[in-house]
Protein chains: 2
Amino acid sequence: MAVTTVAQGAKMLPTNEILSGDCIEVMNSLPEGSIDLIFADPPYNLQLKGELHRPDNSRVDAVDDAWDQFDSFKIYDQFTRAWLKAARRLLKPNGAIWVIGSYHNIFRVGTALQDAGFWILNDVVWRKSNPMPNFRGKRLTNAHETMIWASKSEGAKYTFNYEALKELNEGVQMRSDWVLPICSGHERLKDDNGDKAHPTQKPESLLHRVLVGSTNPGDIVLDPFFGTGTTGAVAKLLGRNYIGIEREEAYRKVAAKRLGQVRPLDSAALQTTVSKRAQPRVAFGQLVERGLLRPGEMLVNPRGQAAKVRVDGSLVSAEHRGSIHQVGAALENAPSCNGWTYWQFKRDGQLIPIDILRQQIRSEMHD
Amino acid sequence: MAVTTVAQGAKMLPTNEILSGDCIEVMNSLPEGSIDLIFADPPYNLQLKGELHRPDNSRVDAVDDAWDQFDSFKIYDQFTRAWLKAARRLLKPNGAIWVIGSYHNIFRVGTALQDAGFWILNDVVWRKSNPMPNFRGKRLTNAHETMIWASKSEGAKYTFNYEALKELNEGVQMRSDWVLPICSGHERLKDDNGDKAHPTQKPESLLHRVLVGSTNPGDIVLDPFFGTGTTGAVAKLLGRNYIGIEREEAYRKVAAKRLGQVRPLDSAALQTTVSKRAQPRVAFGQLVERGLLRPGEMLVNPRGQAAKVRVDGSLVSAEHRGSIHQVGAALENAPSCNGWTYWQFKRDGQLIPIDILRQQIRSEMHD
DNA sequence: CCAGAGAATGAATCCTTTG
DNA sequence: GCAAAGGATTCATTCTCTG
């Protein structure tokens, strides 16, 4: 396995590695503010054996201890708040977290996230196309799980690859409900006995969508409940760096083997649609400076109203003057206006959007 | 408005009434253990900041009402725990509750439910077929809301009409994700100015599924945040008793008028499926033979397209003819279609699914 | 009357850079 | 840190208007 260790302050950040131990202790040993994204699939309420600590750090045995429902929630909350605190410390200021769960635990997790200062961006429903039916007919088929996507704090500039997800969704905006099959067939890892290696292995398609949507190539993705390494496998495939933490030897072993078999996609395949926001800014005045538009030339809006271009790149219409955006907004009596897509100029009797000229300048900037 | 008052211990239980006032105080004035089902649509605590405009510069009419404003999560939690406590006191031992919310509040609600001793049965996702998009492209389309269904306590014998929901779902187990359109068009109530009467009116289809699935005719259904009375309207239609609590005079007025126009279905139509195997097959033509539908009468599909009923029980639309299933499939350009749940007919200006008539025939066959 | 175009609208935690 | 300016961004459905 490729291991890169990055110095961050006093501590070191081991990337593309599976770390052994209790996730809270291991997270606290890593450098603060070093992680771009955390994906966490924490244990549910009654699968906590060996995961729980009382406030005095003694271990709780969820099976042997006779606890009532309230104690159970109380201890689960302590556990949740503890690992979320360690996770939040690790995140870069613009980092984000995804946590997946079901109705047994997701409400505890969501409340703890909000109380810890995370800022929820969306809750996302993984709608299973092939869930296990409710055999006894006493409830609805439990056909989904819930993921919470949150930034480290309110106002943070989280990563969101809007265009890439839109592309994944046949050209329309990605919604908060994702229909994906459960992990089965060849993708489902088996142990030496042919039994499933992990009880809750997530499908790679789910992680694919999460990582394409909320990370960039080269980002560092941490999974504190690594299991059989689905997060790492998809991260590696997508050219992201992963850090896995897993306490169970058996899972680490399966994950290590799995990760050794993953070959990253080449960089061309990783390219996604570029957002217009990511493109360099062009001042309208440059069009005049470069002679693409002449001072004195008239621009026309969709209503057929005209405005004259001045040498400094400002516009003058019958009643308004200012930038292409300001004059457009004034004529539309609107709070704002994108002048680039609003105005047209005339060439050989044809009306042409001025945005064409901006694209021309941008393409020259690349040369 | 029909008012029935039922003596329960020392206090009286006013049914099929809209009660005025703060929901906690009013709930505490009602007799303990008297309610079968509570449906609650509490404030979501949206915490919206500035204005939002669509790309066409039109302004989004946001939920900025005073009743949705809370100063902090702590205050919101206090409110939530207080009304849930009052609600739980009102429930019969085998009673249940539904609460609907979004990611802003649903995690607080779920945690409070669990802490109060409720036992979560399912979380149900309402997947909106036509949500408002994310206009700035900064997040996923918020395309769903979450409902939590919980019994009063663990081990309670809650009502669940498994077969009825299965029938509503074309013969397969009802899942925890429900695809339904938002409330719009004629169903959306308007005030005297032609504006929406309530900012967050829920669709009747949602309540229909909730009440068919988790109540029986004659049950008492309480909605502590009654608004314009969707819960009451569907409860009355389905032969359940309702109690609404609403603070705002304007909403109570709209709700009262609405409820006055609802005419309950007759008892035969309310008989829900007992067991699928026990159900005799009913040919659509029997509805015509028995005069439940007249030859020449028009059926309407969800798109508003019409088809005419013929004497032999076949349908004719503008372009297609055949069975209710065939014409439905052709109009949907789908391989198959359950005509029973697809077509509706008109009575007294209301659209009613033809499946109601099938159930009526079946109930007569049992006699 | 119908068909087609255009406008309206919905529980929304909805921007980024420069000066 | 704040104010000002640049400029990027939407889907399904229903209602209304026009021809």
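Notes on the structure follow. What you are looking at is a predicted structure, and each value in this text was computed from that prediction instead of being measured.

Procedures and definitions
- Residues numbered from 1 in each chain as written.
- Chains lettered and ligands numbered in written order.
- Predicted model: local features only at pLDDT ≥ 70, side-chain atom pairs only at ≥ 80, totals over all residues.
- Heavy atoms only, no water.
- Helix = DSSP H or I, 4+ residues; strand = E, 2+ residues; numbered from the N terminus.
- Buried < 20%, exposed > 50% of the residue type's maximum accessible area, 1.4 Å probe, protein only.
- Polar contact = N/O pair within 3.5 Å; in protein donor to acceptor, adjacent residues only side chain to side chain.
- Contact = heavy atoms within 4.5 Å.
- Axes fitted to C-alpha atoms, helices over the stretch in contact; angles between N-to-C directions.
- Parallel < 35°, antiparallel > 145°, perpendicular 65-115°, else oblique.
- Left-handed = near helix turned anticlockwise from the far one by under 90°.
- Nonpolar A, V, L, I, M, F, W, Y, C, P; charged D, E, K, R; others polar.
- Near = heavy atom within 4 Å.
- Buried area = accessible area lost by both parts, 1.4 Å probe.
- Salt bridge = Lys/Arg side-chain N within 4 Å of Asp/Glu carboxyl O.

### As for the side chain of Asp 355 of chain B
Residue and element names in this part refer to chain B. Position of Asp 355 relative to the elements: it lies in helix α12 (residues 355-366). Residue class for Asp 355 comes out buried when judged on its relative accessible area of 8%. Only 2.8 Å separates the side chain of Asp 355 from the side chain of Arg 358, close enough to count as a polar contact. Excluding residues within four positions of it along the chain, Asp 355 makes contact with Glu 167, Trp 340 and Thr 341.

### Focus: the packing of helix α3 (residues 106-115) of chain A against helix α3 (residues 106-115) of chain B
α3 of chain B packs onto α3 of chain A with a crossing angle of 125° between their chain directions and a minimal axis gap of 8 Å. Considering their axes alone, α3 of chain A and α3 of chain B lie oblique with respect to each other. Considering the relative orientation of α3 of chain A and α3 of chain B, their crossing is left-handed. In contact with Ile 106, Phe 107, Arg 108, Gly 110, Thr 111, Gln 114 and Asp 115 of chain A of α3 of chain A, α3 of chain B contributes Ile 106, Phe 107, Arg 108, Gly 110, Thr 111, Gln 114 and Asp 115 of chain B. Here the contact of α3 of chain A with α3 of chain B is composed, by residue class, of four nonpolar, six polar and four charged.

### Some words on the protein's contact with DNA strand D
All names here are of chain A. Among the 28 residues in the neighbourhood of DNA strand D, the closest are listed as Tyr 162, Lys 166, Gln 173, His 325 and Arg 358. Here the atoms of DNA strand D within 4 Å of the protein split so that 61% fall in sugar or phosphate, with bases taking the remainder. Between DNA strand D and Asn 338 there is a distance of 3.3 Å, counted from a phosphate oxygen to a side-chain nitrogen or oxygen. A total of three residues in the surface near DNA strand D trace back to one element, the largest contributor, which is helix α4 (residues 162-168). Split into classes, the residues belonging to the surface near DNA strand D amount to nine nonpolar, 12 polar and seven charged.

### Topic: the interface of chain B and chain A
Opposite the 51 residues of chain B that make contact, chain A presents 52 residues. Between chain B and chain A, a total of about 4,600 Å² is buried, with carbon and sulfur atoms accounting for 48% of that surface. Contact with chain A buries surface across chain B, with Phe 107, Leu 140 and Arg 175 of chain B losing the most and accounting together for 17% of the total. One can count five salt bridges joining chain B with chain A. Here Arg 127 of chain A and Asp 177 of chain B are joined by a salt bridge, their closest N and O atoms 2.3 Å apart. Run the count over chain B and chain A and you get 35 residue pairs in polar contact (both at pLDDT 80 or more). Among the elements of the structure, α3, β6 (119-128), β7 (144-151), α4 (162-168) and β8 (177-180) of chain B are those that each provide at least two residues to the side of chain B that touches chain A. If you tally residues by element for the side of chain B that touches chain A, the top one is β6 of chain B, at nine residues.

### A look at the protein's contact with DNA strand C
Residues and elements named next belong to chain B. Around DNA strand C sit 39 residues, and of these Arg 54, Tyr 103, Arg 136, Arg 188 and Lys 196 come closest. Here DNA strand C approaches the protein such that, of its atoms within 4 Å, sugar and phosphate make up 45%. In this structure, Lys 202 approaches DNA strand C through a side-chain N or O atom, which is 3.2 Å from a base nitrogen. Class assignment of the residues belonging to the surface near DNA strand C gives a composition of 19 nonpolar, seven polar and 13 charged.

### Notes on helix α5 (residues 204-214) of chain B
Along an α-helix, a turn takes 3.6 residues, which lines up residues three or four apart on a common side. Of all the 11 residues making up α5 of chain B, eight are buried; the element is thus mostly covered by neighbouring parts of the structure. Within α5 of chain B, the full set of buried residues consists of Leu 206, Leu 207, Arg 209, Val 210, Leu 211, Val 212, Gly 213 and Ser 214 of chain B.

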